[in-house]
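# Structural features, examined
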Number of protein chains: 2
Amino acid sequence: MSQSTPTKRKKPESNNASASTTNGGSHQLHSRELKRATTVSYIYEDEENTMEGKIKPLNGFVTPLLTDMYQITMAYSLWKNNRHDIPTVFDLYFRKNPFGGEFTVFAGLEEVIRFVSDFHYTEAELNHVRELIPDCDPGFIEYLRQLDSSDVSLYAIKEGSVVFPRVPLVRVEGPLAICQLLETTLLCLVNFASLIATNAARHRLAVGKDKIMLEFGLRRAQGPDGAMSASRYAYLGGADGTSNVLAHCFFGIPVKGTHAHSFVTSYHSTDDLPDQTIKDANGKSHNLLDMALKYLKELDIKTVTSELVAFVAYARTFPKGFLALVDTYDTLGSGVPNFISVALALNEIGYQALGIRLDSGDLSYLSKESRKMFQQVGQRYSIDFFAKMQIVASNDLNENTILALNRQGHEIDVFAIGTNLVTCQAQPALGCVYKLVEINGLPRIKLSQETNKVTLPGRKDAYRLIGEAGHPLIDLLTYSGANCDKKKIADQVPQPGQKILCLHPFEEQKRVIVTPSKVQKLHQLVFDKGSLVDPLPRLEDIRSFCLEQLTHIREDHLRASNPTPYKVSLTQELYDQLHDVWMSSRLVKEMK
Amino acid sequence: MSQSTPTKRKKPESNNASASTTNGGSHQLHSRELKRATTVSYIYEDEENTMEGKIKPLNGFVTPLLTDMYQITMAYSLWKNNRHDIPTVFDLYFRKNPFGGEFTVFAGLEEVIRFVSDFHYTEAELNHVRELIPDCDPGFIEYLRQLDSSDVSLYAIKEGSVVFPRVPLVRVEGPLAICQLLETTLLCLVNFASLIATNAARHRLAVGKDKIMLEFGLRRAQGPDGAMSASRYAYLGGADGTSNVLAHCFFGIPVKGTHAHSFVTSYHSTDDLPDQTIKDANGKSHNLLDMALKYLKELDIKTVTSELVAFVAYARTFPKGFLALVDTYDTLGSGVPNFISVALALNEIGYQALGIRLDSGDLSYLSKESRKMFQQVGQRYSIDFFAKMQIVASNDLNENTILALNRQGHEIDVFAIGTNLVTCQAQPALGCVYKLVEINGLPRIKLSQETNKVTLPGRKDAYRLIGEAGHPLIDLLTYSGANCDKKKIADQVPQPGQKILCLHPFEEQKRVIVTPSKVQKLHQLVFDKGSLVDPLPRLEDIRSFCLEQLTHIREDHLRASNPTPYKVSLTQELYDQLHDVWMSSRLVKEMK
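What you see is a predicted model; the values in this text were computed from it and never measured.

Attention shifts here to the state of the cysteines. Using the criterion set out here, one finds 0 disulfides over all chains in the structure. The thiol of Cys188 of chain A is unpaired, and the distance to the nearest cysteine sulfur, on Cys432 of chain A, comes to 11 Å.

As a further point, take the pattern of salt bridges. Residues and elements named next belong to chain A. For the structure on display, the rule yields 58 salt bridges over all chains. Taking the shortest distance from any N to any O, the salt bridge between Asp240 and Arg204 comes out at 2.7 Å. Here the residue Asp240 occupies a position in the loop between α10 (223-236) and β7 (241-242), and Arg204 occupies one in helix α9 (residues 176-207), the gap between them amounting to 36 residues. Given the relative accessible area of 9%, Arg204 is considered buried.

Okay, the sheet that holds strand β13 (residues 414-417) of chain B next. Residues and elements named next belong to chain B. Sheet architecture is open: 6 strands sit in the order β7-β6-β13-β12-β11-β10, paired in parallel fashion. Every other strand in the sheet has two partners, leaving β7 (241-242) and β10 (323-325) as the edge strands with one partner each. Sheet topology note: the strand β6 (residues 212-215)/β7 ladder contains 2 bridges and is parallel. Note on β7: the bridge partner recorded for Leu214 is Gly241.

Residues and elements named next belong to chain A. The end-to-end C-alpha distance of helix α20 (residues 539-552) is 21 Å, a good match for the 20 Å that 14 residues give at a rise of 1.5 Å each. Buried within α20 we find Leu539, Ile542, Arg543, Phe545, Cys546, Gln549 and Leu550. Seen end-on, α20 carries its buried residues on one side only, within an arc spanning 160 degrees.

Glancing now at the packing of aromatic side chains. To describe a pair of aromatic rings, one takes the distance between the centres and the angle between the planes. Tallied over the full model, the rule gives 38 aromatic pairs over all chains. Through pairs of rings, three or more aromatic residues link up here, namely Tyr76, Trp79, Phe140 and Tyr143 of chain A together with Phe263, Tyr267, Tyr314 and Phe318 of chain B. Its end group placed over the ring of Phe251 of chain A, Arg232 of chain A keeps NZ or CZ at 4.9 Å from the ring centre.

Moving on: the relation of the copies chain B and chain A. When chain B is fitted onto chain A, the two copies agree to an RMSD of 0.0 Å after a turn of 180 degrees and an axial shift of 0.0 Å. Taken together, the rotation and translation relating the two chain copies correspond to the operation of a two-fold axis. With an isologous cut-off of 70% or more, the 99% of interface residues of chain B that recur at the interface of chain A puts this contact in the isologous class.

In this section: helix α16 (residues 363-380) of chain B. Residue and element names in this part refer to chain B. Along its 18 residues, α16 runs 25 Å from first to last C-alpha, staying within 8% of the 26 Å computed at 1.5 Å per residue. Along α16, the residues classified as buried are Leu363, Ser364, Leu366, Ser367, Ser370, Arg371, Met373, Phe374, Val377 and Gly378. Of the surrounding elements, those touching the buried residues of α16 are α13 (288-299), α15 (331-348), β11 (355-358), β12 (390-393) and α17 (399-408). Between the side-chain oxygen of the N-cap and the backbone nitrogen of Ser364 there are 3.1 Å, and the N-cap of α16 in question is Asp362. Once α16 ends, the next one or two residues include Ser382, with phi positive near 55 degrees.

Turning to the UniProt feature "domain: Nicotinate phosphoribosyltransferase N-terminal" (unreviewed entry) in chain A, a few remarks are in order. UniProt records the feature "domain: Nicotinate phosphoribosyltransferase N-terminal" (unreviewed entry) at residues 65-191 of chain A, using the numbering of this structure. The span residues 65-191 of chain A is 44% helical and 17% strand by assignment, and the distance between its end C-alpha atoms comes to 18 Å.

As a further point, take the domain arrangement of chain A. Parsing chain A into structural domains produces domain 1 (17-204 + 428-585) and domain 2 (257-417). In this structure, domain 1 of chain A and domain 2 of chain A have C-alpha centres spaced 48 Å apart.

A few words now on the pairing of β12 of chain B. Within a regular strand, side chains alternate between the sheet's two faces. Residues and elements named next belong to chain B. As paired strands, β11 and β12 are joined by 4 bridges and run parallel to one another. Counted as the bridge partner of Ile356 is Ile391 from β12. Assessed by its sense of winding, the connection that carries the chain from β11 through α16 to β12 is right-handed. As judged from the 2 bridges shared by β12 and β13, these two strands associate in the parallel manner. Residue pairing for β13: Val392 is matched across the bridge by Val414. Read from β12 through α17 to β13, the crossover connection turns out right-handed.

Glancing now at the sheet that holds strand β14 (residues 433-439) of chain B. Residue and element names in this part refer to chain B. A sheet is described by the order of its strands in space; here 7 strands give the open sequence β15-β14-β1-β5-β3-β21-β22, paired in antiparallel fashion. Because the sheet does not close on itself, it has two edges, and the strands there are β15 (442-443) and β22 (531-532). Packed on one face of the sheet, helix α9 (residues 176-207) meets β1 (87-93), β5 (170-175) and β14 and runs near 155 degrees to β5.

Attention now goes to the side chain of Glu438 of chain B. Residue and element names in this part refer to chain B. Relative to the helices and strands, Glu438 is located in strand β14. Within the buried core, Glu438 has no salt-bridge partner, and the shortest N-O distance to an opposite charge, that of Arg459, equals 5.9 Å. For Glu438, the side chain forms a polar contact with the main-chain nitrogen of Ala482, separated by 3.2 Å. Sequence-distant contacts of Glu438, defined by excluding residues within four places in its chain, comprise Pro87, Thr88, Val89, Pro443, Arg444, Gly458, Arg459, Gly481 and Ala482.

Another point: the interface of chain B and chain A. The interface of chain B with chain A comprises 133 residues on the first partner and 134 residues on the second. Summed over both sides, the interface between chain B and chain A buries roughly 10900 Å², with carbon and sulfur atoms accounting for 60% of that surface. Applying the counting rule to chain B against chain A returns 8 salt bridges. In this structure, Asp135 of chain A engages Lys320 of chain B in a salt bridge whose closest nitrogen and oxygen atoms are separated by 3.5 Å. Put simply, chain B and chain A have 46 residue pairs in polar contact (both at pLDDT 80 or more) between them. Taken together, the residues of the side of chain B that touches chain A sort by class into 55 nonpolar, 50 polar and 28 charged.

In this section: the environment of Val519 of chain B. Residues and elements named next belong to chain B. Counting through the fold element by element, Val519 comes out in strand β20 (residues 518-521). The class for Val519 is partly exposed, based on a relative accessible area of 23%. Residues Val519 and Ala313, 206 residues apart in the sequence, show an inter-C-alpha distance of 60 Å. When near neighbours in sequence (up to four residues on either side) are disregarded, Val519 contacts Tyr463, Arg464, Leu465, Pro494, Gln495 and Pro496.

Let us look at the environment of Lys256 of chain A. Looking at the element boundaries, Lys256 of chain A is found in the loop between α11 (245-251) and α12 (261-265). In sequence terms Lys256 of chain A and Asp240 of chain A are 16 residues apart; their C-alpha atoms lie 9.7 Å from each other. Apart from the residues within four sequence positions on either side, Lys256 of chain A is in contact with Leu214, Phe216, Thr242 and Ser243 of chain A together with Met69 of chain B.

A positive phi angle, close to 50 degrees, is found at Asp135 of chain A, a residue other than glycine. Within the fold, Asp135 of chain A resides in the loop between α7 (123-132) and α8 (138-145). The class for Asp135 of chain A is exposed, based on a relative accessible area of 63%. One non-glycine residue, Phe99 of chain B, lies in positive phi territory at about 65 degrees. Position of Phe99 of chain B relative to the elements: it lies in the loop between β1 and β2 (104-105). Here Phe99 of chain B falls in the buried class, since its relative accessible area comes to 12%.

Let's shift gears to the UniProt feature "domain: Nicotinate phosphoribosyltransferase C-terminal" (unreviewed entry) in chain A. Those residues carrying the UniProt feature "domain: Nicotinate phosphoribosyltransferase C-terminal" (unreviewed entry) are residues 459-576 of chain A in this numbering. Across residues 459-576 of chain A, the secondary structure splits into 25% helix and 32% strand, with the terminal C-alpha atoms separated by 14 Å.

Take the packing of α15 of chain B against α16 of chain B next. Geometrically, a packed helix pair is captured by the angle between its two axes and the distance between the axes. Residue and element names in this part refer to chain B. At a closest axis distance of 11 Å, the pairing of α15 and α16 adopts a crossing angle of 35 degrees. As α15 runs across α16, the sense of the crossing is right-handed. Contacts between α15 and α16 involve Thr331, Leu332, Val336, Pro337, Phe339, Ile340 and Leu344 from the former and Tyr365, Leu366, Glu369, Ser370, Met373, Phe374 and Val377 from the latter.

Structurally, Asn562 of chain A can be placed in the loop between α21 (555-558) and β23 (567-570). Each C-alpha atom, one on Asn562 of chain A and one on Gly101 of chain A, is 8.0 Å from the other, the two residues being 461 residues apart in sequence.

This part covers the confidence of the model for chain A. Residue and element names in this part refer to chain A. Of the residues in chain A, 90% have a pLDDT of 70 or more, and the chain-wide mean is 88. Confidence over residues 1-52 falls short of pLDDT 50; this stretch has 128 contacts with residues more than four positions distant or in other chains. Across the interfaces of the predicted complex, the ipTM metric reaches 0.87, alongside a pTM of 0.89.

Calculation rules
Residues numbered from 1 in each chain as written. Chains lettered and ligands numbered in written order. Predicted model: local features only at pLDDT ≥ 70, side-chain atom pairs only at ≥ 80, totals over all residues. Heavy atoms only, no water. Disulfide = S-S within 2.5 Å. Salt bridge = Lys/Arg side-chain N within 4 Å of Asp/Glu carboxyl O. Helix = DSSP H or I, 4+ residues; strand = E, 2+ residues; numbered from the N terminus. Buried < 20%, exposed > 50% of the residue type's maximum accessible area, 1.4 Å probe, protein only. Pairing = 2+ DSSP bridges. Expected span 1.5 Å × (residues − 1). Arc of directions from axis to C-beta. Phe/Tyr/Trp six-rings, centres within 6.5 Å; stacked < 30°, edge-to-face > 60°. Lys NZ or Arg CZ within 6 Å of the ring centre and 35° of its normal. Least-squares fit on C-alpha atoms with pLDDT ≥ 70 in both. Contact = heavy atoms within 4.5 Å. Polar contact = N/O pair within 3.5 Å; in protein donor to acceptor, adjacent residues only side chain to side chain. UniProt positions renumbered as here; feature names shortened; annotations may be inferred. Domains from an automatic or database assignment. Right-handed = clockwise from strand over helix to strand, strands pointing away. Axes fitted to C-alpha atoms, helices over the stretch in contact; angles between N-to-C directions. Lys, Arg positive; Asp, Glu negative; His and termini not counted. Buried area = accessible area lost by both parts, 1.4 Å probe. Nonpolar A, V, L, I, M, F, W, Y, C, P; charged D, E, K, R; others polar. Left-handed = near helix turned anticlockwise from the far one by under 90°. pLDDT = per-residue confidence, 0-100.

Structure (structure tokens):
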């Protein structure tokens, strides 16, 4: 995807040069792209990543023009007023956890780093900019032509971390104009990714760690790439797989799926299945339909025959992977008995059926009744695995319906979650913001009548203080601004075993003394003036990190109803700094 | 975008061949892409579209693998059981209008047609499929290799139409396997597009036709292409422009934007603006800051100086397009007076400022107070345009807040709507479904315990019956199935001036006799066995059609609170057909 954007990529030749040419010379470009798409390992192992130290966004739309118009007009004005190169610090953070919860999973960092690393304007993009600005000074286009991220550094919390309001997720340092030009794209990349990852983590917590959770949302997702992002970040946040084949191909996410209602309704009678045979492991042929009908007779159940025919057709094709959708006509009256008869027939010739999918009705009741039938049949025919037949549920599930199912009791093994997971129905947007906090060494503030919207001025570091029991207790922001002397910066760094005064940013009476057992520095330098610092972690590893992180957070911060807020505090130094800047920036109003 | 998908495009050479080579030979591919991205007209005028009759999706992710896994396993089973070539009819439709409303705007058809037209598997994609199916029969890969849409036809309602539940938006006719393989992608393309277009239309109705409505949602959108789709379909549904520069470049949507808070906070004092001069139309230099300060003194208002400096810096850059964000420190106490002083200064040297943007606070009050100040100053200095200064509002607007503003009264000229427009916060998914309705000439039904979810079996046509006043009265579905004789099909076609019995699909007592003044056939053949029937309409034209359509729908169907449902009915023929199939498909349960 990434190197094939229409308006980007200066050197298509060099892309070709690094291509393997499995398809022969005339398909060089194509085979290169093939390589990219075929295996996720490409993303991490591609030569260009290591050779030039440059990496490219995974999504072709992620270019410098995927931005708001005002970023370009502002950059123009900054350049015209010779302000573009002033050193600045911007914070990217959110003010409120989504879904009424008290935690968020940070995601999207990899694409952020890729975008920043690759930041440059192609000639086509420069032409666009020229058209967008009336009477555009040619010098500005020249300026943009040479502009890249070689003066930009990113400090970030590790992707997949559990994070909290006001702690910067990414701190961007560099010249004013380019930092401004990065804003919208960075927000777009972090907002949705973190929202989906958080949503997946919440669903994962609801489902429980012993169950399987799949993301099945492609058809209802917010556009083709809304779907691709959703699959990626749902996996990062805890899903075990997706139905989205392209997400499997691009990101290596396990992919799952069997058949739909239309497959069942496409069969009308036994005439639709002229060949009803199946071969066992020894190559011997059996009539699967006759065998299934024999079992139905033994069990004395009358079912919809066309459904049985569809199941037999499917089982013939996938004898080792037979999982049937059982609610097309009547779940307990037809679907489950039909499945059982085919599963018994398969068992007779050495194949083990997988289970059923329930897509409508009372999932608690239907799953329990289905389980009972599996147990009874398993007992009657002395087939052990029958009782453990997998039950997949997939009807408009969300966090609340899963929690309700848990209360009612159920026999579901796999939760396939679609719409609610990928569109974040409960809250479809995360409100990350990107704020200038320091310019030319001076802390800057953005005021607001809503106190919660006042920014925390100055360059800041963040530390997570861990308690004796291994749970994070509080996140502490320290002041590390350019005008703060080194000793003061060092003095603020919290040390294990030492008492640390932590202050609420806006309410002076809210203070707490914390003695951490362990201290984690939250921000790492991930992109250093144009260069990647460490190799990008694999999606798999980010996912594992995220799942592991969640086990350390206190349960009351994570729970779905009335969770406890996690504290984010300031050192005295940062608190004083905030209130000094605030006082000096605020007009004293006169009342007449 | 479209021709550069990693795993697609058999003939990159032919793409190059049709390129204009403005950048010289070595950049052939690039200049071709430049052409694509530079002007939306490319999409419609590109040679390959007309030469080969083939068109390609606009989005690179839109490939046959952007699908659910089970479509591939089903296709495999259909092929293994020799069912893949059976002629079928599938309906794509929704069951419930979104946002608690009673209408929907249909969008996404262009990309659907592009996808179907271009449908084919590349070698890379075939490799993926081979890996996904255990013990995959090589014959299936051969089958997929030659598979394209040359046996597929699409009948569709015109994109941009106002549509209602159960009326098929797209009727897909063709061999079973390929029609099944199209399902997920078609749903993904129609669901989000129609959802956004409908949301935009609702916002447009709330804003009113005399105001300007802009889409400003990129940063909160659901991923990079969630943003691109949102910009496209928000425009289609009635937005006047976007902030998204890339959407402008790709789709030709007007783009708008000025500056952000960070631009204001990046200025600290007059020292930050060494050059305070501006040239008038005659090239004469003036000190803009001094002039603005003079006016502030005359008006006797004390404002935040750094904000004034920022405004002066911006106005120097865009003297003809000066629109200031006025809420960084204090809207009425500093922002508006600062804007006024700069606008007066600009006016003195022949430039007309545009207006202000309000991004926080009570928009009703602030817009009215700002308007008063503009009027007073305009009067004091005898400057007519001052009273009409544009007021843009952009703080978390949605349909309800806009309707509330209308009730409270306001002086807003431009509504810039972000999060709520692009993420459809009020309902982030539309539930389009894709159902098999006919196979091998036989109507098929999908039953459900929820009556509303029962499908309408058989191939159907749809007619919109228009009343004397020019308003649509009812949509009528007729039965045109393969087993319905030609006379019966013809007899059902409603004629102007004739009484037509229209029946509710599920409630037999709900019937109505309609005498239409005019009858519109809703479905047109848009893709005929592999070929585009008519050129694709331009986005502009779809938008105009949509806006025009909305003017014909009765206001009570469109209104935000307690709208009247629009009727969708069946002919007697279709009603009988539905209930026959339903009865014969339903098991008679035995109670023991």
